[in-house]
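Observations on chain architecture
Below, each chain spelled out in residue letters.
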Amino acid sequence: MRRHPPTSGTVTSGERDATQPQVRDQAEPSLSNATNRVDSGEAGQITLTVNGVTHHVDVADDTLLLDALREAVGVTSVREGCGVGACGACTVLTGGTSVSSCLALALRYDGAEITTAEGLDENDDVVSSFVECGAAQCGYCIPGFVLMSAELLAENPRPSEQDITDHLEGNICRCGTYPEIRRAVAVAAERRSPK
Amino acid sequence: MKLASEFSVPAPAEKVFSLFFDPDTMRGCIPGCEELVREDEKNYRGRLVNEIAHVRFSAGFSAAIQSISDEESGKEVTALLKGEDRRLGSSIKIDARLAVRPDADESSVIAYEMDMALWGKLGRLGEPIIRRRSREVELEFAKSLAAACGVPVEPAQPARAGAPAGPAASAAAPAAASPPVPKAVVAAALVAVLALLAAVLRRGR
Amino acid sequence: MREIEQSWVGGSRPRFDTAGRVRGMIAHVGDQAVGAAAHVAVHRATQPHARIEAVHVDEALAMPGVYGVVTGADLYKQLGDRLLTGPAFADQPALAHEKVRYVGEPVAAVLAADLATARAATDAIWVDYEDLPPVYDLADALAGTAYVHDELRPSSVFGDLKHLRGVRDTNVNYTYNLRTGDAEAARDAGAHTVTGEFWAPPTHHVPIELPCTIAWVDSGRLEMLTTTQTPSYVRQTIADLLDLPLSRVRVTTRPLGGSFGAKMYDRLEPLAAALAWTAGRRVRVTATREEAFLLTTRHGAAVSSSLTADAEGNLVSSVADVRYDTGAYADVGPRITAKSGMVAPGPYRIANARVLSRCVYTNKPSAGPFRGFGVPQVTWSHESLIDELAHELGEDPYAFRRRHLLREGDEAPMGTRMHSADFVGCLDAVANAIGWFDPLDRGTGRIRRGRGVAVGVKAVLTPTIANAVLQLNQDNSATLLISTVDMGQGSDTIMAQIAADVLRMDSRRIHVVRADTDATPYDTITAGSRSTYHTGNAVRRVAEAMRDKLIGLAAERFGVPAEEVSLTPDGPRAGSHEVTVAELVHGHFGARGATLTTEANYTSSWTPYDKETGRSDKVTEHWFAGAVGARIAVDTATGRVRIEHLAVAGDVGRAINPTLVEQQLSGAAIMGIGHALFDQLVLDQGQLINGTLLDYQLPSIRDLPDQLTPIVVESPHDDGPFGAKGVGETGILGVAPAIANAVRDAVGVRLTRLPLTPESITMALEENQ
């Protein structure tokens, strides 16, 4: 399944080029990788509750949720892999629903409850089953898989192998950890709701 | 990428040709053609300007006529077209061959064949998009031309993209010794190619 | 097995920090805070081949937030010919100088307060070009009418390329010849010959982590943090570029989010170093996914080849003409051309072999190393040919291969003997796994089933150098300093296992330091599946030196000869004497937290191949042997291939960590499925047209075979650490031909061009009717 498209709002997706992230002006950026954009649109402050902690974040009208999370909030499990919503490395859960943060405008997520992989407990069924199944090689893409798996199990506690494939096919693991990932999701499902 | 097609204009060849002599008509048929200057017998320079989604662009281009053949059975021109849009970081180069031949029922057929190189941001659009867009523009141009002829008729179904152009193109004889300058044909060649160029550039934003 | 033993050699202990990887807590280069820095974006060429007449930068410079714009001419003014770098040929400038040679080549760099401003400013730069005739493909290049480079410029890295300096009027930058026996005569005299024109297209590595380099100047030193597999190489390159002693260059890394050959040699690093040094400020250079597609690619390769058997069905001749399209810059293409050309006949006993292997410049993005180092492209040809020859002779393709496979001690066509290369064991294992000897339901109607096998051979990169430094901490934990880069293959885990096994300690108490050329010692590169063997040997030796040191200290303390002391998981022992390592080291220094240090080196050697014959009695330190078996179903209506079972076997000598070895085999097989069925870079007159992940297809979980079986074959290497060899590339070598051979078996058509798209299969089926 493809992750949900970013929520609709006042800004249409056609008005910005998603391949050119444009982030401006955070007071104390943690990474300062793309900050203080000189020529930017109008700013606004939004509130993001990330993994249970509330952050007030200054964003421009074209700031991506990905950049707001990485640079202002400081969560680095959310990663850019393609910039076009095709690889899943930037996946976050907002209110439990998966979103490609590399396509999502931050302004539309004012007030959102966001979960990233860091926010899952190490004893979480999905996290622990991924660890036990060795479902990570370089691990770069794995947080995205973990969140997609968490979403799947919330919707469908006992997914078939086909269900797992259908839900995770929009995420790319270039190391090819798919067999272990598939096993990990099945183990997590069993752990969460034993037969 | 190779693009080839032909379309019919529901007017006799002579009438089409005479329209090609009229710069105002041609300008109306080429989307965004703001300037078209003949530098010498074989070289043209021009500019396409357009505004799409609030982005104004301006692309300079040049056209160099490579060969001309003007026979009763058909007329053919080959030209090398080059264009550049700095703001879009893109270049285009087209080897074009264009033929016009009389058709039945007082109509004529314009056939083109081009090998187009598209480099930079626009080049990344991919072949399917460019083929689709060029077909749209071709229809648009044929319609404008038909309207200019005073005959608002749907153009004929173009040949399959990628197929060789009509028989006129392949059968055309090489340029005769010192032919009369066939302005009409030159203009037609430019028109078809420029329409494509404009199409491609418009799709850029 | 005790838990501690599970952490030693042969144990499948979990990968270092799996929990951190799963929750995204491992910080990569792009996650590091950089503070105030100039963000860099690049203006790229819009011509495949042109002379630069002028670069107009005023408009960009005038934009608010732009610190500066740098062109190739600016850098050349400061650095001269040192601007041109590369591992085999010093032919690539960090920014195009005088000419551009591919669409997308960096022409000017903008330094700005933020990335968005830098990228916007690159759009305000324009360049006046004078067209040069483009060389779009191998045919253009070999026609010899236009040249990508005016003359060849071999780098100082490889002495054997010296004779090519200054050669003009050619696009062929390197030629490897193999002449064993008289292959043409044997072919002409042979009873059965099959021939083919094979093509493997350019592809891309697409590690999901994008490349990123941060460079700065500190106390007159150039320091950088970068996504590279080759920190020692980069350090040397930067020292040469800036004319600095090695001690004034520091290259540091973090774990990579995948690489597969993409992040090595000269990528973003020369540009970042040149900009930081000339501008005197911290710079951060990154690439979008679209830009990353242009940084390096896998060589597209054309192979025209034949294989001949005599009337008894014995192989007598192999002939191959191999052309690697290396794009605008040679990168390591000349090395690939030789190392892969020499195995173009395949892992078979063939008395007569002739290979002409050429590395060819074209006006395309440069091609460089990619998992397999050019070998999958020639495996595609030799494993298709031998399969077809078996069919022609009416022999079973498995048995036909098996009869001719090289055995222990056999000399390969290029003159080097086989050791620890169990081709037969690998082939048998995959054939058994996919049920080769069982009846097959071949299907009726549109679905038809078939089976195929393929064998691959690859030489390890030789000669190379590995060093290790070990610090044993007083609390019996240890810090291992090596310059091997963990990019997902698990080197941080298995190097600790090797050291821990020697020292009888828990490998989880050994930390492997991330490569930092100020601290970790020289290591040639992390590539070519060389680390387990080479760096693993250095690590084994450094641990043995530490063991000897501990035993010496214990002998002194116990008052016994060293021979009587043994090291156990509980500490040194000699009869009734016992002491823990912590007590021993504390007693030695009289301090908590003190460290004992040892160092070791491992260097492999080779005999350079003869220039005329391409032969050598030791062309490589060791061999990789692998095999793949595929059972597939073809939908004859749509041309779609469904892989029902893929088995992949590799001889790894000895598996240091069997689980990680299996992951390398299955991961390589999955990448190989992409190369077999859909992966390819599409270029149209020099323009890459599918360079985004919306357009470029990669294997997803949906592309998994119904069954995927990695098989570890262990034929220990006499000199490997605990008998081990590497495994990173073994699994990918034979995937595409095994699948194509299965398609041949299922529907009777032989495809010679990759990938095997549904269209190509249906077209072949139509032609076959």
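Criteria and thresholds
- Residues numbered from 1 in each chain as written.
- Chains lettered and ligands numbered in written order.
- Predicted model: local features only at pLDDT ≥ 70, side-chain atom pairs only at ≥ 80, totals over all residues.
- Heavy atoms only, no water.
- Helix = DSSP H or I, 4+ residues; strand = E, 2+ residues; numbered from the N terminus.
- Buried < 20%, exposed > 50% of the residue type's maximum accessible area, 1.4 Å probe, protein only.
- Contact = heavy atoms within 4.5 Å.
- Salt bridge = Lys/Arg side-chain N within 4 Å of Asp/Glu carboxyl O.
- Polar contact = N/O pair within 3.5 Å; in protein donor to acceptor, adjacent residues only side chain to side chain.
- Pairing = 2+ DSSP bridges.
- Right-handed = clockwise from strand over helix to strand, strands pointing away.
- pLDDT = per-residue confidence, 0-100.
- Axes fitted to C-alpha atoms, helices over the stretch in contact; angles between N-to-C directions.
- Parallel < 35°, antiparallel > 145°, perpendicular 65-115°, else oblique.
- Left-handed = near helix turned anticlockwise from the far one by under 90°.
- Nonpolar A, V, L, I, M, F, W, Y, C, P; charged D, E, K, R; others polar.
- 1 Å grid on protein atoms, 1.4 Å probe; cavity = no way out; pocket = protein on both sides within 12 Å on 5 of 7 lines; lining within 4 Å.
- Points joined across faces, edges and corners; volume = space filled by probe spheres on them.
- Core = buried A, V, L, I, M, F, W, Y, C linked by side-chain atoms within 4.5 Å.
- Expected span 1.5 Å × (residues − 1).

A short note on the overall build of chain B
Across its full length, chain B holds five helices and seven strands. When burial is assessed residue by residue, chain B has 51% of its 205 residues classed as buried. The long-range share in chain B, meaning contacts at least 24 apart out of those at least 6 apart in sequence, stands at 61%.

Observations concerning the interface of chain A and chain C
Reports often express the size of an interface as the amount of accessible area lost when the parts come together. Contacts between the two partners involve 56 residues from chain A and, on the opposite side, 60 residues from chain C. At the boundary of chain A with chain C, the tally comes to four salt bridges. The interface formed by chain A and chain C includes 17 residue pairs in polar contact (both at pLDDT 80 or more). Looking at the side of chain A that touches chain C, the elements with two or more residues in it are α2 (125–132), α3 (142–155), α4 (161–168) and α5 (178–192) of chain A. Here the side of chain A that touches chain C takes five residues from α4(A), the largest share from any one element.

Digging into unusual backbone geometry
Backbone phi values are negative for most residues with the exception of glycine, while trans is the configuration of most peptide bonds. All names here are of chain C. A cis amide bond links Thr462 to the next residue, Pro463, at an omega of -5 degrees. With respect to the element layout, Pro463 can be found in the loop between β20 (447–459) and β21 (465–473). Along the chain, Leu754 connects to Pro755 via a cis peptide bond; the corresponding omega equals -5 degrees. Assignment of secondary structure puts Pro755 in the loop between α19 (735–747) and α20 (758–768).

Considerations on the pairing of strand β13 (residues 249–252) of chain C
Residues and elements named next belong to chain C. Of the strand pairs in this sheet, strand β12 (residues 221–226) and β13 are connected by four bridges, and their pairing is parallel. Counted as the bridge partner of Glu223 is Arg250 from β13. The parallel pair β12 and β13 is bridged by helix α8 (residues 231–242), and the resulting crossover is right-handed.

Regarding the confidence of the model for chain B
Residue and element names in this part refer to chain B. Per-residue confidence for chain B averages 64 on the pLDDT scale, and 49% of its residues sit at or above 70. When mean pLDDT is taken per element in chain B, strand β7 (residues 108–120) scores highest with 82 and helix α4 (residues 167–171) scores lowest with 32. Long-range and interchain partners of residues 51–55, a stretch whose pLDDT sits below 50, account for six contacts in this model, where long-range means more than four residues apart. Residue range residues 198–205 is modelled with pLDDT below 50. Its contacts to residues more than four positions away, or to other chains, number 28 contacts.

Section: the packing of α3(A) against α4(A)
Residue and element names in this part refer to chain A. Relative orientation of the contacting elements α3 and α4 amounts to 130 degrees, with a least axis distance of 10 Å. By the angle class used here, α3 and α4 are oblique. Between α3 and α4 lies a crossing whose hand is right-handed. On the side of α3, the interface is formed by Phe145, Met148, Ser149, Glu151, Leu152 and Glu155, while α4 contributes Asp163, Ile164, His167 and Leu168. Grouping the constituent residues of the contact of α3 with α4 by class yields five nonpolar, two polar and three charged.

Some thoughts on the sheet that holds strand β26 (residues 577–578) of chain C
Residues and elements named next belong to chain C. Taken in spatial order, the three strands line up as β24-β25-β26 in an open sheet, and their pairing is antiparallel. Looking at the sheet topology across the chains shown, the edges are occupied by β24 (566–568) and β26. In this sheet, strand β25 (residues 571–574) lies alongside β24 in antiparallel orientation, the contact comprising three bridges. Residue pairing for β25: Leu567 is matched across the bridge by Pro572. Of the strands in this sheet, β24, β25 and β26 are in contact with helix α16 (residues 531–558), which crosses β25 at around 50 degrees.

Focus: the side chain of A:Ser129
Residues and elements named next belong to chain A. Within the secondary structure layout, Ser129 lies in helix α2. A polar contact of 3.0 Å, which involves the side chain of Ser129, links it to the backbone oxygen of Ala184. Excluding its chain neighbours within four sequence positions, the residues that come into contact with Ser129 are Ala184, Val187, Ala188 and Arg191.

Looking at the packing of helix α18 (residues 658–677) of chain C against α19(C)
Residue and element names in this part refer to chain C. For the pair α18 and α19, the least separation of the axes is 8 Å and the interaxial angle reads 55 degrees. In terms of their interaxial angle, α18 and α19 are classed as oblique. Our pair here, α18 against α19, has a crossing hand that is right-handed. Every residue of α19 that contacts α18 at Ala669, Gly672, Ile673, Ala676 and Leu677 is listed here: Val735, Ala736 and Ile739. Residues that form the contact of α18 with α19 fall into these classes: seven nonpolar, one polar and no charged.

A word on the interface of chain B and chain C
Each partner contributes to the interface: chain B provides 20 residues, whereas chain C provides 18 residues. For the pair chain B and chain C, the number of links is one salt bridge. Where chain B packs against chain C, one counts seven residue pairs in polar contact (both at pLDDT 80 or more). When contributions to the side of chain B that touches chain C are tallied by element, the ones reaching two or more residues are β5 (75–85), β6 (90–102) and β7 of chain B. Broken down by element, the residue count for the side of chain B that touches chain C peaks at six residues, all from β7(B). Within the side of chain B that touches chain C, the residues separate by chemical class into five nonpolar, six polar and nine charged.

Points about empty space enclosed by the protein
Residues and elements named next belong to chain C. Under the counting rule described, the total for this entry stands at 17 cavities of 30 Å³ or more. If you add up the space inside the largest cavity, you get close to 590 Å³. If you trace the largest cavity, you find 38 residues lining it, with Met487, Gln489, Ser529, Gln664 and Gly728 closest to the centre. The set of elements that each furnish at least two residues to the lining of the largest cavity consists of α15 (491–503), α16 and α18. Of the residues belonging to the lining of the largest cavity, the class tally is 16 nonpolar, 17 polar and five charged.

A few points about the environment of A:Ile164
Checked against the element boundaries, A:Ile164 lands in helix α4. According to the relative accessible area criterion, A:Ile164 is buried, its value standing at 2%. When the C-alpha positions of A:Ile164 and A:Arg183 are compared, they lie 9.7 Å apart, and in sequence the two are 19 residues distant. In this view, A:Ile164 contacts A:Leu152, A:Pro159, A:Arg182, A:Val185, A:Ala186 and C:Ile701; residues no more than four positions away in its chain are not counted.

Here we look at the nonpolar core
Judged by nonpolar contacts, the single largest core of 211 residues is most densely connected at A:Phe130, C:Val283, C:Leu646 and C:Ile739. Filtering out sequence-adjacent residues up to four positions away, C:Val283 remains in contact with C:Ala38, C:Val40, C:Leu111, C:Thr213, C:Ile214, C:Ala215, C:Ala272, C:Leu275 and C:Ala276.

What about α18(C)?
Counted at 1.5 Å a residue, the expected span for α18(C) with its 20 residues is 28 Å, and the 29 Å between its end C-alpha atoms agrees. Most of α18(C) sits out of view: 17 of its 20 residues are buried.

Brief notes about the sheet that holds β20(C)
Strand pairing within a sheet occurs via backbone hydrogen bonds; the two strands may be parallel or antiparallel. Residues and elements named next belong to chain C. Strand order in this open sheet of four strands is β20-β28-β29-β32, and the pairing throughout is mixed. Lying at the two open borders of the sheet, with one neighbouring strand each, are β20 and β32 (707–713). Averaged over all neighbouring strand pairs, the angle between strand axes comes to 10 degrees, with direction disregarded. As defined by bridge partners, strand β28 (residues 623–635) adjoins strand β29 (residues 641–651) across 10 bridges and the pair is classed as antiparallel. Bridge assignment links Gly626 to a residue of β29, and that residue is Gly650.

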